[in-house]
Amino acid sequence: MSIYEEIEIEDLDFNPKTQVYSYPCPCGDKFSITLEELWDGEDIATCPSCTLRIMIIYEEDDLPELVESDDEEDGDEDYGDEKEGKKGDSGEKKERGEEKKEDGDGDEDELINSTKKLAV
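1. Description of the overall build of the protein
Along the backbone of the protein there are three helices and six strands. Helices and strands appear in the protein in the N-to-C order β-β-β-β-α-β-β-α-α. Classification of the 120 residues of the protein by burial places 18% in the buried group. Of the contacts formed within the protein by residues at least 6 apart in sequence, a portion of 36% connects residues at least 24 apart. Element-wise, carbon and sulfur atoms account for 44% of the exposed surface of the protein, whose accessible area totals about 9,400 Å².

Printed below as a string of structure tokens:
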């Protein structure tokens with residue numbers, strides 16, 4: 001494994017919200033490594049756009065506390081609720097004959113709705 005450069009952790013940017021350290025890569029992208037990876041003993045940050053890697057020099061004592069996030073678990077549940085909500089809304093619109101097609105063919109929908117009204 002080839003290392004492009006060794007970088008002190010103090011020279012990396014840290015995003016406390018995402019808990020990710022990043023450092024500019026010569027290719028224009030950024031090397032990144034999560035705080036969790038560092039706590040797990042990983043010390044190599046990779047660039048997603050090229051093959052370069054850097055070694056992070058740090059002491060575990062200097063790392064911020066790892067915040068366990070419930071967002072991941074809640075995010076899955078919320079995502080499921082959102083999907084169900086969208087399906088429910090779509091179903092209600094279909095029952096009322098208000099659904100618009102995504103391809104922009106609104107004339108056909110208007111014709112169908114007019115025909116439904118005349119049939120009643």
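2. Here's the deal with the nonpolar core
Within the largest apolar cluster, 16 residues are counted, with the highest numbers of intra-cluster contacts made by Ile9, Tyr21, Phe31, Leu38, Ile54, Ile56 and Leu63. For this core, the elements supplying multiple residues, two or more each, are β3 (20-24), β4 (30-34), α1 (35-39) and β6 (53-57). Leaving out residues up to four positions away in the same chain, Ile9 has contacts with Tyr21, Leu38, Ile56, Ile57, Tyr58 and Leu63.

3. Thoughts on unusual backbone geometry
Positive phi, close to 55°, is recorded for Gln19, a residue that is not glycine. With respect to the helices, strands and loops of the structure, Gln19 is situated in the loop between β2 (13-15) and β3.

4. Looking at the packing of aromatic side chains
All told, the structure shown has two aromatic pairs when counted by the stated rule. For the pair Tyr4 and Phe31, a centre-to-centre distance of 6.5 Å together with 20° between the ring planes defines the contact as stacked. Pair noted here: Tyr4 is in the segment before β1 (5-8) and Phe31 is in strand β4, with a separation of 27 residues, a long-range link. Residue classification places Tyr4 among the partly exposed positions, given a relative accessible area of 43%. Pairing Phe14 with Tyr21 gives two aromatic rings, centres 4.5 Å apart and planes at 35°, and the pair type is tilted. Take Phe14: its relative accessible area is 31%, and that puts it in the partly exposed class.

5. Quick word on the environment of Leu38
For Leu38, the position within the fold is in helix α1. The spatial distance from the C-alpha of Leu38 to the C-alpha of Glu60 is 7.8 Å, given a sequence separation of 22 residues. Excluding its chain neighbours within four sequence positions, the residues that come into contact with Leu38 are Ile9, Tyr21, Ile33, Ile56, Tyr58, Glu60 and Leu63.

6. Side note on the side chain of Ser22
Its place among the elements puts Ser22 in strand β3. Discounting residues that sit within four places of it in the chain, Ser22 has contacts with Leu12, Asp13, Lys30, Phe31 and Ser32.

7. Notes on the environment of Val67
By secondary structure assignment, the location of Val67 is in the loop between β6 and α2 (71-96). Along the chain, Val67 and Pro16 lie 51 residues apart, while their C-alpha atoms are 9.3 Å from each other.

8. Focus on the pairing of β3
Bridge analysis of β2 against β3 gives three bridges, and the strand direction is antiparallel. The residue of β3 that forms the bridge with Asp13 is Ser22. Where β3 meets β4, five bridges bridge the pair, whose relative direction is antiparallel. Pairing of Tyr21 across the sheet is with Ile33, part of β4.

Criteria and cut-off values
- Residue positions within a chain follow its written sequence, with the count starting from 1.
- It should be noted that, the model being predicted, local features are given only for residues of pLDDT at least 70 and side-chain atom pairs only at 80 or more, the latter also being counted only at that level, while totals for whole chains, interfaces and linings use all residues.
- Values shown for side chains rest on all heavy atoms present in the structure; no hydrogens or waters enter the calculation.
- Here a helix means four or more residues in a row that DSSP labels H or I, a strand means two or more in a row labelled E, and each is numbered from the N terminus.
- For every residue, the accessible area obtained with a 1.4 Å probe (protein chains only) is divided by the maximum for its type, and the residue is called buried under 20%, exposed over 50%, and partly exposed between those limits.
- In this analysis, two residues are considered to be in contact whenever any of their non-hydrogen atoms come within 4.5 Å of each other.
- Methods summary: accessible areas were calculated by the Shrake-Rupley approach with a probe of 1.4 Å, and residue burial reflects only the protein chains presented.
- In this text, buried Ala, Val, Leu, Ile, Met, Phe, Trp, Tyr and Cys residues form a nonpolar core when linked through side-chain atoms within 4.5 Å.
- Paired rings are identified among Phe, Tyr and Trp, the last through its six-membered ring, by centres lying within 6.5 Å, and are further divided according to the angle between planes into stacked (under 30 degrees), edge-to-face (over 60) and tilted (the rest).
- For two strands to be treated as a pair, DSSP must find no fewer than two bridges joining them.

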